[in-house]
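Coordinates in review
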Amino acid sequence: SSGINAEYGACFQETKLSRCQVDSSLGKMDSRFSFFNFSHSKPGNAGVATYVTKSACPYSTQTCPDTLDIAGEGRCLVAYFRMTDGRTVAVFNLYVPCGYQEEDGGKFINKLNFLEKLEECVSEEAEKGNHVIVMGDLNVKSSILDSAEAYQLKHKPSVVAEWTSSADRTLFTALLAGTGLIDAFRHLHPKKEHSYTCWNTGLNARVNNYGTRIDYILLSSSLAGYLRSCDHLTGVTGSDHCPVICELEGIEVAGCENPPSECSVHYPELRGKQSSLLAHLKKRPSDEKEGRTGTQKRPKLQPKQTTLIGLKRTLKSSIPATKLKTSSNETVTTTKPQPKPTQGGVSVKSLLTGLPKAPLCKGHKRPCVLKTVTKQGENEGRRFYGCALPIGLSGDPKARCGH
């Protein structure tokens, strides 16, 4: 999540909400107005939300410009605030599609298209004379300082050059250059190392701060003079991302008495009173017609229990019978016990011995953990032993070794 001058509001990405999940606790707060954009093509996917104080309410919002409506996934929400000097600030709350060139071409193309269209949208706002703030999960690592994996390769110029020239980073650089936006964090901390906003939870990467910086707050250069701070709240846990907070000092926002129609307080389902549990227990008209009362109990269905004698008969009937003829031509029926099934010749006792003892990793001489390959391919589902420590920079004794 990201914040625009926390005194005014906050933006959230990848909410994964549907409108039916927005109750009063989310959409009808006492001190804040809230605005949502939901994913309509893939319910439970993507989605963004913007919360603002009631004293600094936007005069207009746009759920998503047509050019940024990637398959209706609810990845953009624009709020327009009017400053006391009469100028407008357009705040873009974004969740850029995630995709990597070497892994998924389809998602990566959507990501590139989104970044291209974003430059067009920001340029249009600037042409109107509006200040622009772009914030959110942009899913781009701008430089090697923003990636622990790339940073440890900084002594290899050819590798760094190839990494930096990727299509998404090229478009991101063009976005900043073409629109005049500045990276608030790098504007104040141009050379700060090991400052990340996202960590791979599957690799337990946050323990050793082996992460990436993909959450940004970008400002029009005209707002640079108001910028006082921009920091990562790495102590806030509960997600694979941490919040980014930005403070703009000296900007006064003129609020509005009535929030725009897109505000969640105008949702019909949030304007009425919520029904209580007792309302569902009262006598209904249909009950009166059928002669039922609210206190009348429905008959319980009693399951038919099997007696011991019945179970014995069932077991006996399941054993195949063999008919034999005696010398007096009498037929005698006997039963033959069936052999116990085996597990391919493996005894039950051998199955209870458990897995073999885990080997020790080469770097720390500590017991390894059993892992499973989840990446699609010929090795998917394959199990292997690996170092139990969290991932980290190479050479860090607290980080995972190469085992």
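Structure shown above.
In this text, all values refer to a predicted model and were calculated from it rather than measured experimentally. (Residues numbered from 1 in each chain as written. Predicted model: local features only at pLDDT ≥ 70, side-chain atom pairs only at ≥ 80, totals over all residues. Heavy atoms only, no water.)

A few words on the pairing of strand β7 (residues 88-95). Judged by how many residues are buried, β7 sits mostly within the fold: eight of eight residues are covered. Residues of β7 alternate between two faces, with T88, A90, F92 and L94 on one and V89, V91, N93 and Y95 on the opposite face, all of them buried. With seven bridges joining them, strand β6 (residues 76-83) and β7 adopt antiparallel strand pairing. Its bridge partner lying in β7, Y80 is registered against A90. Between the antiparallel neighbours β6 and β7 lie four residues, among them G86 with a positive phi of about 95 degrees. Where β7 meets strand β8 (residues 131-137), seven bridges bridge the pair, whose relative direction is parallel. Paired with L94 across the strands is G136, a residue of β8. (Buried < 20%, exposed > 50% of the residue type's maximum accessible area, 1.4 Å probe, protein only. Helix = DSSP H or I, 4+ residues; strand = E, 2+ residues; numbered from the N terminus. Pairing = 2+ DSSP bridges.)

Membership of the largest hydrophobic core comes to 33 residues, with the highest contact counts inside it found for F33, I133, A184, I217, L219, C246 and L248. Residue contributions to this core peak at four residues, all from β6. Membership of the second largest hydrophobic core comes to 26 residues, among which are L68, L112, V122 and V140. (Core = buried A, V, L, I, M, F, W, Y, C linked by side-chain atoms within 4.5 Å.)

A separate point is the environment of A184. Of note, A184 is situated in helix α6 (residues 184-188). Sequence-wise, A184 and D231 are 47 residues apart; in three dimensions their C-alpha atoms are separated by 9.1 Å. Leaving out residues up to four positions away in the same chain, A184 has contacts with I217, L219, L227, C230 and C246. (Contact = heavy atoms within 4.5 Å.)

Attention now moves to the side chain of S264. Examined against the element boundaries, S264 turns out to sit in the loop between β15 (253-254) and α7 (268-271). Using a relative accessible area of 0% as the deciding quantity, one classes S264 as buried. Dropping the residues within four chain positions of it, S264 is found in contact with G27, S34, F36 and L270.

Here we take up the pairing of strand β4 (residues 48-53). For β4, the tally of buried residues reaches six of six residues, placing the bulk of the element in the interior. Burial along β4 is two-sided: V48, T50 and V52 facing one way and A49, Y51 and T53 facing the other are all buried. Across five bridges, strand β2 (residues 9-13) lies against β4 in antiparallel orientation. By the bridge assignment for β4, A10 is matched with Y51. The pairing of strand β3 (residues 32-37) with β4 spans six bridges and is antiparallel. Within the sheet, the bridge partner assigned to F35 lies in β4 and is T50.

Summarising the element assignment, M83 is placed in strand β6. On the accessibility criterion, M83 (5% relative accessible area) is buried. Residues M83 and V253 lie 170 residues apart in sequence; the distance between their C-alpha atoms is 4.4 Å. With residues near it in sequence (within four places) discarded, M83 still touches V89, H131, I251, E252, V253 and A254.

What follows concerns unusual backbone geometry. Located in the positive-phi region is E14, a residue other than glycine, with phi close to 55 degrees. Residue placement: E14 occurs in the loop between β2 and α1 (24-27). Using a relative accessible area of 32% as the deciding quantity, one classes E14 as partly exposed. Its identity is not glycine, yet N139 carries a phi of approximately 55 degrees, on the positive side. Along the chain, N139 falls in the loop between β8 and α3 (148-151).

Here we come to the packing of aromatic side chains. One pass over the structure, following the stated rule, counts five aromatic pairs. Judged by centre distance (5.7 Å) and plane angle (5 degrees), the rings of F36 and F38 are stacked. The exposure classification of F36 matches that of F38, with both residues buried. One aromatic cluster is present, built from ring pairs that chain together F12, F36, F38 and Y51. (Phe/Tyr/Trp six-rings, centres within 6.5 Å; stacked < 30°, edge-to-face > 60°.)

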